[in-house]
Amino acid sequence: MSIQQTNKQFDRDYQALAQYSWALEHFGQLLNGRDEFGDTESDIIRVTLESIDPDFSVGNSGSITWQDIKKGLAEAAKVVREMLRFVFDTLNSLYVKFTGSVTRVRNAQQKQSKRFGMLGSKVSSSKMTVSGIQRLSINGEFVGANINNLLDIEKTTTYMLETYPRSIVGLARNTSRKFLNVIETHEGHSSGNIAESAMSQFGNVLGTNFTQPPGATKVNSKELDIGNGDLLRGTVLPGNMAIVYSDPRSLIDEAVSNTNTVNVINKSLTMSFTELQLAIADRNEREISVPSVDEIGALLSGISRILSIAEKSKQVESDYTSVRTVVDDAIRQITEKVTDSGRDSNTLITMLGAISKKLVEPAGPYLHWLAVTLNVYLTFIGECITHYEQQGH
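Parameters at a glance
Along each chain, numbering runs from 1 in the same order as the chain's sequence is written. In view of the model being predicted, local features appear only for residues whose pLDDT reaches at least 70, and side-chain atom pairs are presented and counted only at 80 or more, with totals across whole chains, interfaces and linings using the full set of residues. Think of the side-chain values as coming from all heavy atoms in the structure, minus any hydrogens and water. Buried Ala, Val, Leu, Ile, Met, Phe, Trp, Tyr and Cys residues that are joined via side-chain atoms within 4.5 Å together make up what is termed a nonpolar core. Each residue gets one of three labels from its accessible area relative to the maximum for its type: buried under 20%, exposed over 50%, partly exposed in between, using a 1.4 Å probe on protein chains only. The contact criterion used is simple: two residues touch if any of their non-hydrogen atoms lie within 4.5 Å. Strand pairing requires that DSSP identify at least two bridges connecting the strands. Each helix corresponds to a stretch of at least 4 residues labelled H or I by DSSP, and each strand to a stretch of at least 2 residues labelled E; elements are numbered beginning at the N terminus. By definition here, a salt bridge exists when the distance from a side-chain nitrogen of Lys or Arg to a carboxyl oxygen of Asp or Glu is within 4 Å. One fewer than the residue count of a helix, multiplied by 1.5 Å, yields its expected span. Only the contacting stretch of a helix is used when fitting its axis, a line to C-alpha atoms as for every element, and angles between N-to-C directions run 0 to 180 degrees. We call two directions roughly parallel when the angle between them is under 35 degrees, roughly antiparallel when it is over 145, roughly perpendicular when it lies between 65 and 115, and oblique otherwise. Only Asp, Glu, Lys and Arg are considered charged, only Ala, Val, Leu, Ile, Met, Phe, Trp, Tyr, Cys and Pro nonpolar, and every remaining residue, Gly among them, polar. Aromatic rings from Phe, Tyr and Trp, with only the six-membered ring used for Trp, were paired whenever their centres fell within 6.5 Å, and each pair was classed as stacked if the ring planes differed by under 30 degrees, edge-to-face if by over 60, and tilted otherwise.

K.L.:
When you look at the nonpolar core in this model, what are you seeing that I'm missing?
P.N.:
A general feature of soluble globular proteins is that nonpolar side chains tend to end up buried together. Core analysis: the biggest nonpolar cluster contains 97 residues, and Ile153, Tyr164, Phe179, Tyr320 and Leu348 have the highest contact counts within it. Apart from residues lying up to four places away in sequence, Tyr164 is in contact with Tyr159, Phe210, Met271, Tyr320, Leu359 and Pro362. Membership of the second largest hydrophobic core comes to nine residues, among which are Val219, Val236, Ala242 and Val244.

See the structure below:
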């Protein structure tokens, strides 16, 4: 199963879990201190819950008690923890695979560097024919020979493999603390008030602790279908790819008077590495000026620097393991602080889970893109070296 398919399946599963938890909370509120519902009311609740989770059962008594609701909420919290462990375990396994990919790319880079060292100071006045250049183009323009675009990749790689993981560790830790404080200070408040306060706290944490990617600018409607809320992006990279993310203020605005917080988070919190809606280079062959030997050397050096950054990905694994530990511990503490209604606890647990899931989304796609793109660069450089070997003088 691909990364994209895994993410879609997880989204569906998590959304179903959030709906189940949300339904339990509201049915718990309906109890309003009563020990149980009668048969008719219980049948209505049972049918509703079974439409979300067919395994939900209240036993043979035919009535639904507050203990049944609390048991369901506790089980939902447990499943959230397990689902988040799966997310971070999958992410770590991606880094393991990426480490292997980096090794192969490094071998290819060393091979081309050895060939390059044999060129000496050759020159060529002729042009060369290239094809399949989409991955090394931006808005339809070939940029594979431009060192500045490779420097953009270097800056973004430093961000994604060093700055961003550390930022996520801080976000997870501070958000967890804020949510625990909400539990302490909002005892007896409605689920809506809890959600609004928690989302506001997260928006503040994101606005304070989140480090923006290089080249941060506002997305315009030509680049992406913005929909609701303002989106920002980092530098546009070859293949029309960019980090796209939410303006923290949009989260607070969306949270007001909306109790289904997982829907709010999925709708308003964007954190992805995605393709922009820009022109795409055609697949036809085209002639280009051959990069000079000095330019080829600069490209090889740039790729080598990027690989040196990527080879430190073990530290990234450690950072995301820290995030998992922080979130897992926060869910445990929030669960322990369950109030008599239990409603407040699960609201924050599902929110914390949804936020954590969204924040780690860019990592997998970026790792895949980087390994493939560097390989394409090296293929292009190999063709340039072959040109000099055959036609240079």
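K.L.:
Can you help me understand the sheet that holds strand S4 (residues 217-218) in this one?
P.N.:
Where strands meet in a sheet, backbone hydrogen bonds hold them as pairs that are either parallel or antiparallel. Spatially, four strands are ordered S4-S5-S6-S7 in an open sheet, and the strand pairing comes out antiparallel. The sheet terminates laterally at S4 and strand S7 (271-275), the two strands that pair on one side only. Here S4 pairs with strand S5 (residues 231-233) via two bridges, running antiparallel. Among the inter-strand pairings, Lys218 is bridged to a residue of S5, identified as Leu232.

K.L.:
Can you help me understand the pattern of salt bridges in this one?
P.N.:
Side chains that differ in charge, positive against negative, can pair when their charged atoms come close. Considering all chains together, one arrives at eleven salt bridges under this definition. In this structure, Glu154 engages Arg305 in a salt bridge whose closest nitrogen and oxygen atoms are separated by 3.1 Å. Of this pair, Glu154 sits in helix H4 (residues 147-185) while Arg305 sits in helix H8 (residues 293-310), and the two are 151 residues apart along the sequence. We classify Glu154 as buried; its relative accessible area is 17%. Accessibility expressed as a relative area gives 35% for Arg305, which makes it partly exposed.

K.L.:
Mind showing me how you'd approach the environment of Ser318 here?
P.N.:
Looking at the secondary structure, you find Ser318 in helix H9 (residues 313-336). Judged by relative accessible area, which is 37%, Ser318 ranks as partly exposed. C-alpha of Ser318 to C-alpha of Pro165: the two residues are 153 residues apart in sequence and 9.4 Å apart in space.

K.L.:
Could you clarify how one ought to interpret unusual backbone geometry in this entry?
P.N.:
Residue Asn139 is not a glycine yet carries a positive backbone phi of 55 degrees. Positionally, Asn139 belongs in the loop between strand S2 (137-138) and strand S3 (141-142). Residue Asn139 is classed as partly exposed on the basis of its relative accessible area of 44%. Positive phi, close to 65 degrees, is recorded for Asn240, a residue that is not glycine. By the secondary structure assignment, Asn240 is in the loop between S5 and strand S6 (241-246). Overall, the relative accessible area of 3% leaves Asn240 in the buried class.

K.L.:
Can you help me understand H8 in this one?
P.N.:
Residue pairs three or four apart in sequence face the same way in an α-helix, which turns once every 3.6 residues. Over its 18 residues, H8 extends 26 Å from the first C-alpha to the last, a length consistent with the 26 Å expected when each residue adds 1.5 Å. Listing the buried residues of H8 in full gives Val293, Ile296, Gly297, Leu299, Leu300, Gly302, Ile303, Ile306, Leu307, Ile309 and Ala310.

K.L.:
Where do I start with the packing of H4 against H8 in this structure?
P.N.:
Helix-helix packing is described using two parameters, namely the angle between the two axes and the distance between the axes. Direction vectors running N to C along H4 and H8 enclose 5 degrees, while the axes themselves pass 9 Å from each other. Classified by the interaxial angle, the pair formed by H4 and H8 is roughly parallel. The residues of H8 that touch H4, namely those facing Ile147, Leu150, Leu151, Ile153, Glu154, Thr157, Thr158, Leu161 and Glu162, are Ala298, Leu299, Gly302, Ile303, Arg305, Ile306, Ile309 and Ala310. Class assignment of the residues belonging to the contact of H4 with H8 gives a composition of eleven nonpolar, three polar and three charged.

K.L.:
Sorry, what's going on with the packing of aromatic side chains here?
P.N.:
The description of an aromatic ring pair uses the distance of the two centres, along with the angle that the planes make with each other. Across all of its chains, the model carries eight aromatic pairs by this definition. Considering the side-chain rings of Tyr95 and Tyr320, the 6.1 Å spacing of their centres and the 25 degrees angle between planes classify their relative orientation as stacked. Remark: Tyr320 occurs in helix H9 and Tyr95 occurs in helix H3 (residues 66-117); sequence separation between them is 225 residues. Looking at Tyr320, the relative accessible area reads 0%, which means it is buried. With a centroid separation of 4.9 Å and 80 degrees between ring planes, the pair formed by Phe273 and Tyr366 is classed as edge-to-face. In this pair, Phe273 sits in strand S7 while Tyr366 sits in helix H11 (residues 363-391), placing the two residues 93 residues apart along the sequence. In terms of burial, Phe273 and Tyr366 fall into one category: buried.

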